[in-house]
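# Coordinate analysis (summary)
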Amino acid sequence: MFAAASASSGPAVAVRVCWKAGGCGAVLSAVQAAGATPAMAPQRSASGPTPNGAANQRWNSSALRRTAIPAAAPSSSSIAGRRNRTSRTSRTSHTSPSSPSSPSAPPSRYSHSQSSRRPRLAIARVYNSAPSTQTRFFSESRRRRMADVVEDEDSFDPQSIERESDMVDVCIIGGGPAGLSAAIRLKQLANEAGNEDFRVLLLEKAGEIGAHTMSGAVIQPDAINELIPNWLDEDNPERFEFATPAGKDSMNFLTKTMAIPLPMPPQMHNDGNYIVSLNQYVSWLGARAEEVGVEVYPGFAASEVLYAPDGSVCGVATNDVGIGRDGKPKDSFERGMEFHARVTLFGEGCHGSLTKQVIKKFDLRRDSDPQTYGLGIKEVWEVNPEVFEKGKIVHAMGYPLPYDLYGGGFMYHFGDNLVTLGLVTSLDYKNPWLSPYNEFQRMKQHPLFRKVLEGGKCISYGARALIEGGLQSIPKVAFPGGAIIGDSAGFVNVPKVKGTHNAMRSGMLAAEAAWNALNTDADAAAAEAAEAAETENAAAEEDEDGRVKGDTVFLYEYEEALRKSSIWKELKEVRNMRPSFQTPLGMYWGVLYSGIEALVLKGRVPWTLHHKHADHENTRPASQFKKIDYPKPDGEITFDILTSVSRTGTNHEEDQPVHLQVKDWDKHTEETYPEFQGMENRFCPAGVYEYIEDASKPQGVRFQINAQNCIHCKTCDIKAPKQDINWQVPQGGEGPKYYMT
Ligand SMILES: Cc1cc2nc3c(=O)[nH]c(=O)nc-3n(C[C@H](O)[C@H](O)[C@H](O)COP(=O)(O)OP(=O)(O)OC[C@H]3O[C@@H](n4cnc5c(N)ncnc54)[C@H](O)[C@@H]3O)c2cc1C
Ligand code: SF4
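Fair warning: this is a prediction, and the values are worked out from it, not measured in the lab.

## A short note on the overall build of the protein
- Each helix and strand in the protein was counted, giving 19 helices and 28 strands.
- Here the protein, with 741 residues, has 53% of them falling under the buried criterion.
- Contacts in the protein between residues at least 24 apart in sequence constitute 77% of all its contacts with a sequence separation of at least 6.

## Topic: the site of ligand 1
- Not every one of the 46 residues close to ligand 1 is listed here, only the nearest: G176, G349, G376, G486 and G499.
- Counting residues per element, the ones that place at least two in the shell around ligand 1 are α6 (177-192), β6 (200-204), β7 (218-219), β18 (373-382), β21 (418-426), β22 (457-467) and α12 (500-535).
- Class assignment of the residues belonging to the shell around ligand 1 gives a composition of 20 nonpolar, 19 polar and seven charged.

## Some words on the site of ligand 2
- Of all residues adjacent to ligand 2, which total 13 residues, the nearest are C684, V688, C710, C713 and C716.
- Its residues placed into classes, the shell around ligand 2 shows 10 nonpolar, two polar and one charged.

## Digging into the pairing of strand β5 (residues 164-173)
- The buried fraction of β5 is high, at 10 of 10 residues.
- Relative to strand β17 (residues 337-346), β5 runs parallel, the two sharing nine bridges. If you follow E164 over to β17, its bridge partner there is M337.
- Two elements, β5 and β6, share four bridges in a ladder whose sense is parallel. Within the sheet, the bridge partner assigned to I173 lies in β6 and is L203.
- Tracing the backbone out of β5, into α6 and back to the parallel element β6 gives a crossover that is right-handed.

## Quick look at unusual backbone geometry
- Residue A217 is reached from G216 by a cis peptide bond, and omega for that bond is 5°.
- As for its placement among the helices and strands, A217 is situated in the loop between β6 and β7.
- At the junction of Y399 and P400, the peptide bond is cis and its omega measures out at 5° in the coordinates.
- When you line up the elements, P400 lands in the loop between β19 (393-398) and β20 (407-414).
- For Q677, which is not a glycine, the phi torsion comes out positive at approximately 50°.
- Structurally, Q677 can be placed in the loop between α17 (665-676) and α18 (679-683).
- Under the C-beta neighbour-count criterion, Q677 is labelled partly exposed, with 18 such atoms within 10 Å.
- Located in the positive-phi region is M740, a residue other than glycine, with phi close to 65°.
- Inspection of the secondary structure assignment puts M740 in the segment after β28 (726-727).

Reading the values: the criteria
Residues numbered from 1 in each chain as written. Chains lettered and ligands numbered in written order. Predicted model: local features only at pLDDT ≥ 70, side-chain atom pairs only at ≥ 80, totals over all residues. Helix = DSSP H or I, 4+ residues; strand = E, 2+ residues; numbered from the N terminus. Buried ≥ 20, exposed ≤ 12 C-beta atoms within 10 Å, placed from the backbone. Contact = placed C-beta atoms within 7 Å. Near = placed C-beta within 6 Å. Nonpolar A, V, L, I, M, F, W, Y, C, P; charged D, E, K, R; others polar. Pairing = 2+ DSSP bridges. Right-handed = clockwise from strand over helix to strand, strands pointing away.

Dropping the structure here:
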């Protein structure tokens, strides 16, 4: 249950606090922990007017909306207006006057009469400017409060300041293909139903939509064809203009100097597919989302899952900003915000930092294999026109990776003389001396790649973990209050190296399920509310946790729809290919078995091969292997890691708590260094981890984390042998600023 606490923090901001311990947002616990004064303490209003004049405060969305400060929802005209907006200031506020709701809109709790009183956050968003940071208008009242406490700096606990909050219908975490597709589909459904005020809010940690997106990418267009059928039409002024149709296609087995062509199974062909820069594509999708009325907030990193009193997910909170490395608030301190929602969709991509918490909390992996991952490292080059073959697609296995390691290289020619090339190295590798970054540098020296790169210029670099587990590693995707979509759940078709179409489709399926669930639920709740009003005792309709009975949404329909979808069909067909590489014969058996599966069996076998271990469990002690001496970079085709990082546009404020959380650095060194000889330094593609010689330390080395270089690939969280590195979001808007990746 919530009670309106304050409306003084800004013209368009509602502040609410939870009245029950353990309630949504855990605001109450934070307030209590800080010894809040009665004035700050949450209050319950069982029924009757609140300070805002709201009646029947209930733990449900309709009640929350009644507490909101009057502000307008984006109208169709304001949305249309956004289309052509280029100035930053015109994007900052969502307080434009609303148009009257459609006369045909069904009467529901999402109807305009209520939603026109919704809170609107005053948020300054930064587009196309560096550095991109999470910027919010800090209300006068909060400044005063901060000033008060600064007098007693030592006892000040930043968490004692309550967070601003907003209530929406659906909150989506992550502005990748999955999150944006879910958001667009939801708003399409709402707009078709005449309910333009249905609020869909999307939070993205990158300073701009697409700035953290790193992929291949050859995309299969089935999902986008359905979502935005005219996405390529010449007569569509908002079409995506940068898709290169797939052309010549080849698969090669590499020795150190030779490339041996392999037969391509029919399902691996790329006929009808497109080569894109996924970060450009995602940025375009972001604009389409805004067009249909999604509230898109780049620069907002969701750092905490919020739970309702009944244990269901009821939204997320963003992290506090302006905290120093010592954990103390700086002058720039701003408390995070809470975003409450009836449905929360996690589309954080591979190994999401909140998703992993939700998976654990609801034990969603109870019937699935551990997830396994690869690390993709890539560069984009401008090459000489003589070697450029627009649309050409090259895949490779073998060199430089050892025979017992799954992975492979790719090179796609797209746009105007651009070539994107990369190497995916499976993270179940055993040898801690291996460096995926240096393997990629070696790959570029192979004649197949070198002849294309010579005389060209590297313009971009990036790295990102990707999902490899396939069907048997998909967790349960629905939980009370929300669902997991896209790579966060794990729908990548590994043999095809394609996940975008499945990520998008899963987002669309989750959107449809959420829309149906909310509308069905809305009708039921309206009936309940009417009944409750008759008894004049709304509280009697609440369960012992204070929630309205039946108010928690569970997206059963999404789980079911997934199983009937093309995602399931294609992942089932290839389910045994990736695990077939895990036998002692490694690549040789894997290639043979996968060839038979792809050409003959097509998944129609009664068995399913399993992933028995998480990737970090496969790492063996360094003493069991010979150290790998990688050649020095030549500065033309191969580069040192810091030069590469400089091509990512990465930026993190240094004076903030390290977002790569290692509880005790000395203990980490004691437990990890002797056995693995500093493997963190070799698996990180951004040079974040170092062991610096230090005679005063028992191991003769000191562990160091250069967090400002982090490019958010998540490899450390996956591969750290003792699982003692916890990747958490840094301040919103920080991290890489990818270009053409
Ligand atoms: C090297 C490589 C090559 C690939 N090649 C191809 C290919 O050729 N074809 C293909 O179809 N697929 C390819 N893929 C896979 C494809 O990129 C993914 O399947 C797809 O991007 C998944 O989309 P998503 O939306 O689930 O996740 P993502 O694209 O990862 O998007 C997740 C978004 O969520 C944001 N986010 C994460 N956590 C938070 C948080 N807490 N708060 C706010 N925002 C958050 C991230 O910044 C990101 O923008 C490749 C992947 C890699 C790494
Ligand atoms: S610190 Fe971790 S997440 Fe960041 S770049 Fe290195 S391995 Fe990737």
